[in-house]
Amino acid sequence: MTDQKPLLSVRDLQVYFHLDEGIVKSVDGVSFDAYKGQVLGIVGESGCGKSVTMKSILRIVEPPGRIMGGQVLLSKRDHPDEYLDLTAMNEKGKEIRAVRGGEIALIPQEPMAAFSPVHTIGNQIMEAIMLHCNVNKNEAREICVQSLKSVGMSMPEKRVDSYSWQLSGGLRQRAIIAMAIAGNPRLLVADEPTTAIDVTTQAQILRLLKDLQRQREMSILFITHDLGVIAQMAQYVVVMYLGRVMEKGPVDAIFHNPKHPYTQALLRSIPSAQKTTKTKLPTITGSIPHPFNKPKGCPFHPRCIDAIKGKCDVELPVEYIVGDQQFASCFRYEKNEVNNR
Amino acid sequence: MTQKKGSSSKQNEFTMIADKENAEEFSSSASEEKVSVASNWKLVWWRYRKNRLAVISLFLLFFVLTIIIFPDFYANQYSEKTNAREAYIPIQKIHFFKDGKVDLWAEKLVGKRNMKTLAMEWVSDPAQSVDVQFFGKGFQWKFLFWNTERHLLVPADASTRIFILGSDRMGRDQWSRLMYATKTSLTVGMVSVLISVLLGVLLGGISGYFGGTADMIIQRLIEILNSVPYVPIWMAMTAALPRNWSSEQRFFAITVILSLLGWTTLGREVRGKFLSIREEDYVLAAELIGCSKFRIIANHMVPTFLSHIIATGTLMIPQMIVNETSLSFLGLGLRPPAISYGVMLQEAQNVKTMAQAPWLMIPGLVVVIAVLMFNLAGDGLRDAADPYSK
Amino acid sequence: MASYIAKRLLVIPLLLLVFSIVIFFLIQAPPGDFMTTYSAILAGSGSSMDNEQLNLMRIDYGLDKPMHIQYIRWMGKLLHGDMGLSLLYMLPNTKLIGDRIGLTVLLAFFSFILSWLIAIPAGIYSATHKNSIGDYFFTVINYIGVAIPNFFLALLLMWICYDLWGLNLVGLFSPKYEMAPWSWAKVGDLLSHIWLPSLILALGGSARLTRIMRANLLDELGKPYMITGRAKGMSEWALVMKYPVRLAINPLVSTIGNYIPQLFSGSLVVATVMNLQNIGPLLLQALSMQDMYLSGSILLVYCLLAIIGTILSDMLLVWVDPRIRME
């Protein structure tokens, strides 16, 4: 996979929110690569910056948030070796609007609120199609019906004219996915797509996403706080905490051989069906600090059992290579080679 | 809210700001604790204080309240003192300096008859001046239990008259009349809102708390009242008042008439609040420990939205003031000898009169200012009324 | 939908019945009747009528009958489309009102349209440019618009126009057309006069509407569908116009029901100040002269107009919001 050029490369991304009370560094130096045909999982607790990362990839961070540094590089469709720098584009310009929905599409968090309640879903999907494909209204409707069919919606010809609130949660999520793939994007960004729906439907939606990804050779950027879903979906995992990447690596390595204390603690806190002893489920000690008083040094050090005094609370660790394609930003691996990419 | 509480919390705010300046050391726990122990009204005041315009308006309203209570002090002559020779006198300017020294004086106006139009024309005579003074002696009035002759601003020579805001067709002093009009108009506005609020809380409360048939009837009543144009109905109602009623009776009747249609908005709001609060656990808990219905409503439910009621009420006052002014202006509200903004504005019904004596429109300007103050204060209060939101 | 409209329409007669009783009670409540006022006027002008003559006239007009009989007679006539005779003008009320009803509705309609035409763009601008100079400008205008009673605004404008240009902004027609039969030229003349009272009437309403529009739109601009729209690649302008503006207008439509009665109220006062020939000044005259059937009829017409307006607004709301339509 290393030989292949990434489809999307996020390099040292920094997104700050300038509030009256001070600056919140929501994303503070995040880097990762997404490859063609790969499902990349980003996992972290709420407030770790994963949604802001998603928004900055699409360049839809709302003020007072601003991208302060770093790059988001997207390979060109016709020349995969050449890259577009999305962070350099005008936020409201034509270029980035062609990327949104056309190259990178979003599956938003709440399927209920993601549609306007006074426009039919067909109207809203056709809009996405007409923005990116050079077609007229009738053709767009045809593509829309096809798209609804491909996400497994029955009676798509009829459902085209229904309103979002007339559909069940699962169908609504399917309609959202249909809208996302309608513009034929290369990368799907799924922001917690299954949190708002029940478990059975959740499994169906996950299967659908995986099928679509295989059929269309898309990449998926899967953002969630649910480690179970990540294990099921992703091939490569990025673990975030307080706006920084703690560890990243192939899914097996992350789950079976985690290196970073945070990842380890996170995995320990998952209830397991196999365990029979009635022990208390371990939790990570302490709580997530207030965004205004982010700790100095490694953001995890106040809660880390291995924190080295005078080191972890002072310096910010870089990424060290801890395995094949596996990196951890932790001074524990100070002697390892530094990831220069 | 007393002054003392206000100043102590001000100190706390400074420490909060200091915290904010240093984001690194910003500790949310201290301010959170302060917020969590503060009473509801304290929280409302803290939020209200942030709205500068609302604070200024509130301050001005307190000042206006003194006019309502002691209009005689602010007036400098009897409101009905007429003099045909002193009709349509323009605004007499008051100066605070003379020859570089602090000295209070008013321009002396001299009337000359325009021989073409036969109208009096008043011009300032620079050679003459009228001495005026603060807290001087004028006509006698009653301050609480004591007779006094002190007034805010009077001419030094009690036998002359000054017209700070000009005079009307009958030579009555607008400034003095405006003070009494303020008292009348604002009292009508506030009292009718008070009655509206009582009606609204009572009927809305019955509707929301008991539901069923009562709710149905009250809801239909509100719907009917809301689909009626108020002014024609008010006009018909005031026209129906017996003509031989005294000013006081008429004043009271109009206040009631205004509130009869005015309570619906509040009634609806209160009903909504009752409907949502009725389901809350603390109401259930109160019911379970055997509180009476009245106690639950008065002690547990109403306090939760009292600040809302006050905010809505404050925003209704300007409406009522405008309504009274419009009705009186049309001749169907208060009538002379009562003095209200509308009654005063009747003097300005004719374009030619207005062109000749534009100062007759000052009462209208005062209405606008009064309405603005109430609106700004009410908006501030409404935004602050729910201190737990956001 | 059809059944909903039918239901609403069926309520109209019921409402009118309630109103007619209340109104009848009101108009005959003042002590004395038209004859009392009439004789007072006659006395004032030097002539007089003896009591016998007055009583004969009373019997003639049925003013001697008990209240409920008078009411039933009035209602009976109303059902046949007869609003009775104006004692003041000695003309059928139907004609008096009929002559002026068109202008009444037209004035309200124009100010309604104007207030929306002002409020929606201003609200959109304020919300999309929150805390900009333009936003503050509109906010100040709105505060003043709400604070200024519309009769006072009319007075002010009349004074300014008279003082600056010597114009007397009174009436809806130039003197030339006042008595003329309807023609295109007269319509043109009307249109050149009606905009000012419409604007005066519209200002207060549009100030309120702008505030609601701004608040609604600010709410909508934070909704998740905005993220969906942006992620689709829509331009910000197209996105704002298509979704949040459309959604923010819905609650605005639901305010029409309360706004229309207010417009008629306001038009009454402004019409009196500016001497516009609608039914407002007529009502004022009828009330002060105790011409009870004329004032009763006008009051009833006002109520009917307001009810029709409310029902139209309800239907509009059903039409614009599919969520209500499909319930």
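Residues numbered from 1 in each chain as written. Chains lettered and ligands numbered in written order. Predicted model: local features only at pLDDT ≥ 70, side-chain atom pairs only at ≥ 80, totals over all residues. Heavy atoms only, no water.

Colleague: Please clarify how the overall build of chain B should be interpreted in this entry.
Modeller: The number of helices and strands found in chain B is 15 helices and 6 strands. Contacts in chain B between residues at least 24 apart in sequence constitute 66% of all its contacts with a sequence separation of at least 6. If you sum the accessible surface of chain B, you get close to 19,900 Å²; carbon and sulfur atoms cover 62% of it. (Helix = DSSP H or I, 4+ residues; strand = E, 2+ residues; numbered from the N terminus. Contact = heavy atoms within 4.5 Å. Areas by Shrake-Rupley, 256 points an atom, 1.4 Å probe, with all protein chains shown as cover.)

Colleague: Any chance you could explain the sheet that holds strand β3 (residues 120-134) of chain B here in plain terms?
Modeller: Sheets are built from strands paired through backbone hydrogen bonds, the pairs being either parallel or antiparallel. Residues and elements named next belong to chain B. Strands sit in the order β1-β2-β3-β6 across an open sheet of 4 strands; the sheet is antiparallel. The open sheet has two edge strands with one neighbour each: β1 (94-98) and β6 (153-155). Pairwise comparison of adjacent strand axes, ignoring direction, gives a mean angle of 50° for this sheet. In terms of strand pairing, β1 meets strand β2 (residues 101-113) through 4 bridges, oriented antiparallel. In the strand pairing of β2, Ile94 is matched with Ala106. (Pairing = 2+ DSSP bridges. Axes fitted to C-alpha atoms, helices over the stretch in contact; angles between N-to-C directions.)

Colleague: Would you mind going over the UniProt feature "domain: ABC transporter" (unreviewed entry) in chain A with me for this structure?
Modeller: Annotation from UniProt places "domain: ABC transporter" (unreviewed entry) at residues 10-267 of chain A. Here residues 10-267 of chain A runs as 39% helix and 27% strand, with 26 Å between its end C-alpha atoms. (UniProt positions renumbered as here; feature names shortened; annotations may be inferred.)

Colleague: I would appreciate a short explanation of the side chain of Gln219(B) in the present structure.
Modeller: Residue and element names in this part refer to chain B. When you line up the elements, Gln219 lands in helix α7 (residues 212-226). On the basis of relative accessible area, Gln219 is assigned to the buried category, the value being 10%. With residues near it in sequence (within four places) discarded, Gln219 still touches Ser207, Arg268 and Arg271. (Buried < 20%, exposed > 50% of the residue type's maximum accessible area, 1.4 Å probe, protein only.)

Colleague: Would you take a moment to explain the sheet that holds strand β1 (residues 8-19) of chain A for this structure?
Modeller: Residue and element names in this part refer to chain A. If you walk across this open sheet you meet the 4 strands as β2-β1-β4-β5, and the pairing is antiparallel. The open sheet is flanked by β2 (22-34) and β5 (83-85), the only strands paired with a single partner. Strand after strand, the sheet turns through a mean of 10° between neighbouring axes, direction not considered. Packing against the sheet, helix α1 (residues 50-58) makes contact with β1, β2 and β4 (65-75), and its axis sits at approximately 110° to β1.

Colleague: Can you help me understand the packing of aromatic side chains in this one?
Modeller: Pairs of aromatic rings are described using the distance from one ring centre to the other and the angle between the two planes. Per the counting criterion, the structure on display carries 24 aromatic pairs over all chains. Between Tyr230(B) and Trp234(B), the ring centres sit 5.3 Å apart and the planes meet at 70°, which makes this aromatic pair edge-to-face. Here Tyr230(B) and its partner Trp234(B) are both found in helix α8 (residues 230-239), 4 residues apart, which amounts to about one turn of the helix. Taking 6.2 Å as the distance between ring centres and 55° as the angle between the ring planes, the aromatic pair formed by Tyr225(C) and Tyr243(C) counts as tilted. Of this pair, Tyr225(C) sits in helix α10 (residues 224-232) while Tyr243(C) sits in the loop between α11 (236-242) and α12 (244-274), and the two are 18 residues apart along the sequence. Chaining the aromatic ring pairs together yields one cluster made of Tyr209(B), Phe210(B), Phe274(B) and Phe305(B). Directly above the aromatic system of Tyr143(C) lies the positively charged group of Arg211(C), at a separation of 5.2 Å from the ring centroid. (Phe/Tyr/Trp six-rings, centres within 6.5 Å; stacked < 30°, edge-to-face > 60°. Lys NZ or Arg CZ within 6 Å of the ring centre and 35° of its normal.)

Colleague: For this particular structure, what's the right way to read the interface of chain B and chain C?
Modeller: Frequently, the measure chosen for interface size is the accessible area that the parts lose on association. Each side of the interface is counted separately: chain B has 41 residues, and chain C has 43 residues. When chain B packs against chain C, the two sides together hide about 3,600 Å² of surface, and 78% of this comes from carbon and sulfur. The tally of links between chain B and chain C comes to 1 salt bridge. In this structure, Asp379(B) engages Arg211(C) in a salt bridge whose closest nitrogen and oxygen atoms are separated by 2.8 Å. Those elements that place two or more of their residues in the side of chain B that touches chain C are α7, α8, α12 (293-329), α14 (351-356) and α15 (362-384) of chain B. Residue contributions to the side of chain B that touches chain C peak at 10 residues, all from α15(B). (Buried area = accessible area lost by both parts, 1.4 Å probe. Salt bridge = Lys/Arg side-chain N within 4 Å of Asp/Glu carboxyl O.)

Colleague: What's the story with the domain arrangement of chain A in this structure? I'm lost.
Modeller: What the domain assignment lists for chain A is domain 1 (114-184) and domain 2 (258-333). Look at where the C-alpha atoms of domain 1 of chain A and domain 2 of chain A centre, and you get two points 43 Å apart. (Domains from an automatic or database assignment.)

Colleague: Please clarify how the packing of helix α6 (residues 174-210) of chain B against α12(B) should be interpreted in this entry.
Modeller: Two quantities define a packed helix pair, namely the angle between the axes and the distance from one axis to the other. All names here are of chain B. Running from N to C, α6 and α12 cross one another at 140°; their axes reach a closest spacing of 7 Å. On the basis of their axis angle, the class for α6 and α12 is oblique. Crossing of α6 against α12: the hand is right-handed. Residues Ser185, Leu186, Val188, Gly189, Met190, Ser192, Val193, Ser196, Val197, Val201, Tyr209 and Phe210 of α6 form the contact with α12, whose participating residues are Lys293, Ile296, Ile297, Met301, Ile309, Gly313, Met316, Ile317, Met320, Ile321 and Glu324. Of the residues contributing to the contact of α6 with α12, the split by class is 16 nonpolar, 5 polar and 2 charged. (Parallel < 35°, antiparallel > 145°, perpendicular 65-115°, else oblique. Left-handed = near helix turned anticlockwise from the far one by under 90°. Nonpolar A, V, L, I, M, F, W, Y, C, P; charged D, E, K, R; others polar.)

Colleague: What is the right way to read the UniProt feature "domain: ABC transmembrane type-1" (unreviewed entry) in chain B from this model?
Modeller: The UniProt record marks residues 182-378 of chain B with the feature "domain: ABC transmembrane type-1" (unreviewed entry), using the residue numbering of this structure. End C-alpha to end C-alpha, residues 182-378 of chain B measures 19 Å, and it is 80% helix and 0% strand.

Colleague: Would you explain the nonpolar core in this entry?
Modeller: Across soluble globular proteins, nonpolar side chains have a tendency to be buried as a group. Residues Trp234(B), Met235(B), Trp74(C), Phe152(C) and Met274(C) are the most contacted members of the largest nonpolar core, which totals 191 residues. Counting residues per element, this core draws most heavily on α12(C), at 16 residues. With residues up to four places along the chain from it excluded, the contact list for Met274(C) reads Ala154(C), Met158(C), Leu169(C), Val170(C), Gly171(C), Leu196(C), Pro197(C) and Ile200(C). In terms of nonpolar packing, the next biggest core, distinct from the first, is built from 60 residues, Val160(A), Met179(A), Phe222(A) and Leu227(A) among them. (Core = buried A, V, L, I, M, F, W, Y, C linked by side-chain atoms within 4.5 Å.)

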